[in-house]
Amino acid sequence: MNPMRALPLMLGWLLIALLALAGPVQAQPAEPDGQPSANAALADLLENEQSRQQLIDQLRGAADAAAVEPPPEQAQLSLPRQLAEITSHVASDIGSQFTAIVSAIGGMFDSDLESTFDVEAFTSAAINLGLVILATFVLFMAFRRLARPLFTGVSQWSQSGEGLTPVLRLVICVALAAVVDVLIVAFAYLGGNLIATFAIGETGELSTRASLFLNAFLVIELLKAAVRMLFASRYEGLRLLPISAEEASYWNRWIARLIGLVGYGLMVVVPLVNAYVSPAVGQGLGTLIMVGAFLYAVIVVLKNRRRLRDAINAKAAQSTMTASRISLQLFARTWHLFALAYFVMVLTVTLTRPVDALPFVLFATLKTIAAVVVGLLVSSFLTQTIGRRIRLSDDLRLKLPLLEPRLNSYVPNALRLIRTVIVVLVIMLVLDAWGAFDLAAWYASEAGSGLVGKLVSVAVILAFAIGLWLSLASLIEHKLNPDTGTGEPDARAKTLLTLFRNALAIALVTITAMIVLAEIGINIGPLIAGAGVLGLAIGFGAQKLVQDIITGIFIQVENAMNTGDVVTVGGITGTAERLSIRSVGIRDLNGTYHIVPFSSVDTVSNYMREFGYHVGEYGIAYRESIDDAIVALREAFDELAGDEEHKMNILAPLEVAGVVALADSSVNIRVRIKTTPGTQWATGRAFNRLVKLHFDARGIEIPFPHTTLYFGQDKTGSAPPANLRVMQQDFTIDGSPAGQPKQADSHTDDRYDPRARPNPKFKGDFDDED
C-alpha cells in the first residue's frame, strides 16, 4: 500500500480515537504555566486536615451535581463542535509540548551551561549506569546460554514425545519454558541489583538511575518472554502459533524492537532527561519516542499487508467451517485496518491521557492476545483429540459395525458447535478487555445467567438424547448382527427390530425437540394441542394413509411376511426387500422394484413359511407304460436326493399322485417334492433336468406338438395308398438343379410351372390302384 494513500485512513482513525476519548479529555483542563504560589497554597490546604475534609466534601457535591445534570453549555454543543474543540485541544497540547522543548533547549544554550548542567556528575552517572546495564545484560545472556540445552530438550519432547496429544504437550512445554524464561529474567534482575548496590557507585545504595533501568529491564524482558511464547524462533516445539521459523523470527524481532524502544525510552531515558535536563524536554522526548514507534509500526504493517493476507487466506482455505472460512477471508482483507486503528489509538491515548489510559490499553492488549491464543489452543486440542477419525477396536467393530461411522458423523458436527461457542466466548472476552462489554455484570444479570443456563441445559439434553440413541441403536445392531449375540436372527426379528429402530428415532427426535423448546421458554402446550388437532384432521383427510398404517401393523403382528421372503402381494410376486409401517417394497423376477401400500393388500401369499413344494406334471405318450414312467421318475428323485448340492433341501420322499389327466396327446403324471422354504424352485429345476435324462435313457417319449396328414377314405372304408419318397437335391439360385447347364434359348419359363419344377426337398408320387 502506498503510504500517501494510507494517510487519510490514519487521519480518520485518529479522529475516531479522539472522539472516543472526548469525555476524559474534556474533563482535564489545561494547567496554567508556572504558578508556584498556587501550588504552595494547595499544598498548605491539603496538609490541614479540616480544610482537606471540606475540600473533599465540596468535590463530592460538585461531582454529584455534574452526574445529575450536565453543564448546559456542554449539552448544547453539537458533535462537530465537540470534535473541533477536541482536535484543537490536542493540537494545542502537542504544540505547547514542542514549544516548551524548543524554549527549554534554547534556554540551556543561552544560559551558562556549566551553572545549569554538571558535566562531571553526568559523566559519572552515565558511566555507572552503563556498567549496570552491561552487567545486567551479560548475566541475562549467560543465564540464557546455560539454559539453552534445557530449552532444546523440552522442544524435542514437544515435537516427538508420546503419551499426550501434540497440543497438550506443546502447552506443557511452552509453560515450562516460560517458567524458565521468567526465572532467567528474575536472576538477571537480582544480579543487576546486587552489582548496582555493592559493586558500582556508593556501596550499599541503589541509585535512582540504576533502579529505573532495572525496573524497566524486568518489565520489558517479561514482555519479551511472553512474546517468545508466541514467536519462538529458535525452538520449533516452543512456539504456540503455527507459523514457520522464518516468520516467527521476523515478528519476534520486530515486536522486541518496538517493546524495547518504547519501554526503555519511556521508563529510562525520559525520567533521566527530566532529572538532568528539563521536564519539558523529557516530555517532548517521550512524545517523539511514541511518534517514532507509531511510524515504525505503521511502516511494518503496510510492508507486510500482502504477505499476512496470503497467509490468512491459506488458513481460511483449510477451515472446515463456512463461517470461520468467511470470517478469516474478511479478516485477511482488513487486518491492516485494525492494526492501524490500534496504533492510532495507542498514540492518541499516549498524547492525551498517558497516566491512566496507557496502562489500560496495555492490559487490554495482553488480555486480547491471551483470549485469542487460549481459544486457538483449545480449538486445536479438541481437533487433535476428537476431531480426528475415531477408530474403535476390532472386537467392538465386529459387534457394532455401524457405531464407528455413526460416531464419525456426529463428532464433526459437535466439534463445529463447540468451535462456534469458543469464537463467541473469545469475542466477548475481547470486548470485555476493551471495556465495550462488561462480561461479569452481564453474567451476574438475570438475562445473562438465564441465557447461559438455558444453553447449558439444551446442550445437556442434546448430549443425553444422542447418547441414548447411540446406546439403543447399538443394542439393536448387536441383536441384528449374526456374528454376535444369539446368532443369525430370523426374518421376523430383523423386520421388527428395524421398525422399532425407525420408530425409536422418530419418537426420540420428537421428544427431544419438545423438551428443548420448553427449556428455551416456548410454551409447548398449544403446540401439542395443535398437533393433536392436526393429526385428527389428517386422519380424516388421509384415510388411505391410516388404512395403510393399521393394515401394516396387523401384518407385522401376524408375521405375514418379512424382508427376504418371496411373496405375492397385490398381484405382484417377488422378494420383499423393504418393509415399513405403511408399505412393502417388492423386487420381481425381472428386477423391477414395486412399492405396494398395505391398503391395497387383500391377500398375502408367502412362499417362505416352514417348507415348500415342487409340484410337477410330466406327460408321456399314450403308447408308453405308465409304470415304467413312474419308475423313471423315482430314479430321477433318488439321484437328486444323493446330490450334494440339493440333498439338504429335500425334506421328505417323493410323492407320486399318479395320473392326473389324459390330455389330447399325453398322459400326465403328477409328483410333489417337499423342500426347505425358498428352495422349491431350484430343486424343481434340477429334478426336471434329471427327469428328461432318465426318460431318454428308457426311451420314454415325451409328447410334443406335431401335425398328422390324412388322405381320406372311400365309401368302402379303404384308403388309397400314398407312396412318399424323400429325396435330397441341391438347386441353384434360379431354380435349376445343381450340376446341369442352364438352357439359354428356352422359350418357356419353367420356373413357374409346378410340373416342370419339383419340390426342392420332397418328391411324392401318388398312384391310384384303380
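Residues numbered from 1 in each chain as written. Predicted model: local features only at pLDDT ≥ 70, side-chain atom pairs only at ≥ 80, totals over all residues. Heavy atoms only, no water.

1. Re the packing of aromatic side chains
In this structure the tally under the stated criterion is 16 aromatic pairs. With a centroid separation of 5.7 Å and 90° between ring planes, the pair formed by Trp251 and Trp254 is classed as edge-to-face. A residue pair is termed a helical-turn pair when its members lie 3 or 4 positions apart in one helix, as Trp251 and Trp254 do in helix α12 (residues 245-276) at three residues. Taken as a pair, Trp251 and Trp254 share a single burial class, namely buried. (Phe/Tyr/Trp six-rings, centres within 6.5 Å; stacked < 30°, edge-to-face > 60°. Helix = DSSP H or I, 4+ residues; strand = E, 2+ residues; numbered from the N terminus. Buried < 20%, exposed > 50% of the residue type's maximum accessible area, 1.4 Å probe, protein only.)

2. Details of the sheet that holds strand β3 (residues 583-587)
Read across the sheet, five strands follow the order β4-β3-β2-β1-β5 without closing on themselves; strand pairing throughout is antiparallel. The open sheet has two free edges, formed respectively by β4 (593-597) and β5 (604-606), since each of these has just one partner strand. The average undirected angle you get between the axes of adjacent strands in this sheet is 45°. (Pairing = 2+ DSSP bridges. Axes fitted to C-alpha atoms, helices over the stretch in contact; angles between N-to-C directions.)

3. Comments concerning the sheet that holds strand β7 (residues 655-662)
Strand order in this open sheet of three strands is β6-β8-β7, and the pairing throughout is antiparallel. Sheet topology places β6 (612-620) and β7 at the edges, where each strand pairs with a single neighbour. Between one strand axis and the next, the sheet turns through 25° on average, direction left out of account. In the packing of helix α24 (residues 626-641) onto the sheet, contacts are made with β6, β7 and β8 (667-675), and the angle to β8 comes to roughly 25°. In the packing of helix α25 (residues 680-698) onto the sheet, contacts are made with β6 and β8, and the angle to β6 comes to roughly 25°. (Contact = heavy atoms within 4.5 Å.)

4. Quick look at a nonpolar patch on the surface
A surface patch of nonpolar side chains, amounting to about 410 Å² of accessible area, comprises Val219, Leu223, Met267, Phe363 and Leu366. Looking at the nonpolar patch, the elements with two or more residues in it are α11 (208-230) and α16 (357-387). Note that Leu366 resides in helix α16. Given the relative accessible area of 42%, Leu366 is considered partly exposed. (Patch = residues over 30% accessible without salt bridge, like charges linked within 9 Å, V, L, I, M, F, W, Y side chains within 5 Å. Areas by Shrake-Rupley, 256 points an atom, 1.4 Å probe, with all protein chains shown as cover. Salt bridge = Lys/Arg side-chain N within 4 Å of Asp/Glu carboxyl O.)

5. Observations regarding the environment of Phe343
When you line up the elements, Phe343 lands in helix α15 (residues 322-352). Spatially, the C-alpha atoms of Phe343 and Phe294 are 6.4 Å apart, while their sequence positions differ by 49 residues. Beyond its immediate chain neighbours, meaning those up to four positions away, Phe343 contacts Trp254, Leu258, Phe294, Ala297 and Val301.

6. Topic: the environment of Val601
You can see Val601 is positioned in the loop between β4 and β5. Note: C-alpha distance between Val601 and Thr551 (50 residues apart in sequence) is 8.4 Å. With residues up to four places along the chain from it excluded, the contact list for Val601 reads Val569 and Val596.

7. Some details on the pattern of salt bridges
When the charged atoms of two side chains with opposite charge come close together, those side chains can pair. Counted by the stated rule, this structure contains 15 salt bridges. Where Arg623 meets Glu701, a salt bridge forms, and the shortest distance between an N and an O atom there is 2.4 Å. Of this pair, Arg623 sits in the loop between β6 and α24 while Glu701 sits in the loop between α25 and β9 (723-726); the two residues are 78 residues apart in sequence, bridging distant segments of the chain. Lys647 is the partner of Glu644 in a salt bridge, and the nearest nitrogen-oxygen pair spans 3.2 Å. Classification of Glu644 as exposed rests on a relative accessible area of 55%. Using a relative accessible area of 38% as the deciding quantity, one classes Lys647 as partly exposed. Ionic contacts of the salt-bridge type, sharing partners, join the residues Arg144, Asp181 and Arg228 into one network.

8. Quick look at the side chain of Arg239
Tracing the backbone shows Arg239 in the loop between α11 and α12. Judged by relative accessible area, Arg239 falls into the buried class, the value being 5%. At 2.9 Å, the side chain of Arg239 and the side chain of Glu236 are in polar contact. Within the structure, Arg239 has its side chain in polar contact with the backbone oxygen of Ile243 (distance 2.8 Å). (Polar contact = N/O pair within 3.5 Å; in protein donor to acceptor, adjacent residues only side chain to side chain.)

9. Structural notes on the confidence of the model for the protein
Of the residues in the protein, 71% reach a pLDDT of 70 or more, and the chain-wide mean stands at 76. Low confidence marks residues 1-38, where pLDDT is under 50. Its contacts with residues over four positions away, or in another chain, come to 42 contacts. Low pLDDT (under 50) marks residues 742-770, which in the prediction has 27 contacts with non-local residues, meaning those over four places away or in another chain. (pLDDT = per-residue confidence, 0-100.)

10. So, the pairing of β4
In terms of strand pairing, β3 meets β4 through five bridges, oriented antiparallel. Residue pairing for β4: Gly585 is matched across the bridge by Ile595. Counting the residues in the hairpin turn of β3 and β4 gives five residues, including Gly591, whose phi is positive at 90°.

11. Remarks on helix α9 (residues 148-160)
Given a rise of 1.5 Å per residue, 13 residues ought to cover 18 Å, and the 18 Å separating the end C-alpha atoms of α9 matches this to within 8%. Among all positions in α9, only Phe151, Val154, Ser155 and Ser158 are buried. Burial along α9 is one-sided: seen end-on, the buried residues are contained in an arc of 100°. Residues Pro149 and Ser160 are exposed on α9 and point more than 90 degrees away from its buried face. (Expected span 1.5 Å × (residues − 1). Arc of directions from axis to C-beta.)

12. A few points about the nonpolar core
Core analysis: the biggest nonpolar cluster contains 61 residues, and Phe151, Phe213, Leu238, Trp254 and Phe343 have the highest contact counts within it. Where this core is concerned, the elements lending two or more residues are α8 (119-146), α9, α10 (166-198), α11, α12, α13 (279-303), α15 and α16. Residue contacts for Phe151: discarding those within four places in its chain leaves Arg144, Ala177, Val180, Asp181, Ile184, Tyr235 and Leu238. Counting 21 residues, the second largest nonpolar core, distinct from the first, contains Ala632, Ile650, Ala686 and Leu690. (Core = buried A, V, L, I, M, F, W, Y, C linked by side-chain atoms within 4.5 Å.)

13. Remarks on the pairing of β7
Across a regular strand the side chains alternate sides, sitting on one face of the sheet and then on the other. Relative to β8, β7 runs antiparallel, the two being bridged by six bridges. Considered in β8, the bridge of Gly658 is made with Arg670. The antiparallel hairpin formed by β7 and β8 contains four residues in its connecting segment.

14. Examining the side chain of His646
Structurally, His646 can be placed in the loop between α24 and β7. Residues in contact with His646, not counting those within four places in the same chain, are Leu640, Ala682, Thr683 and Ala686.

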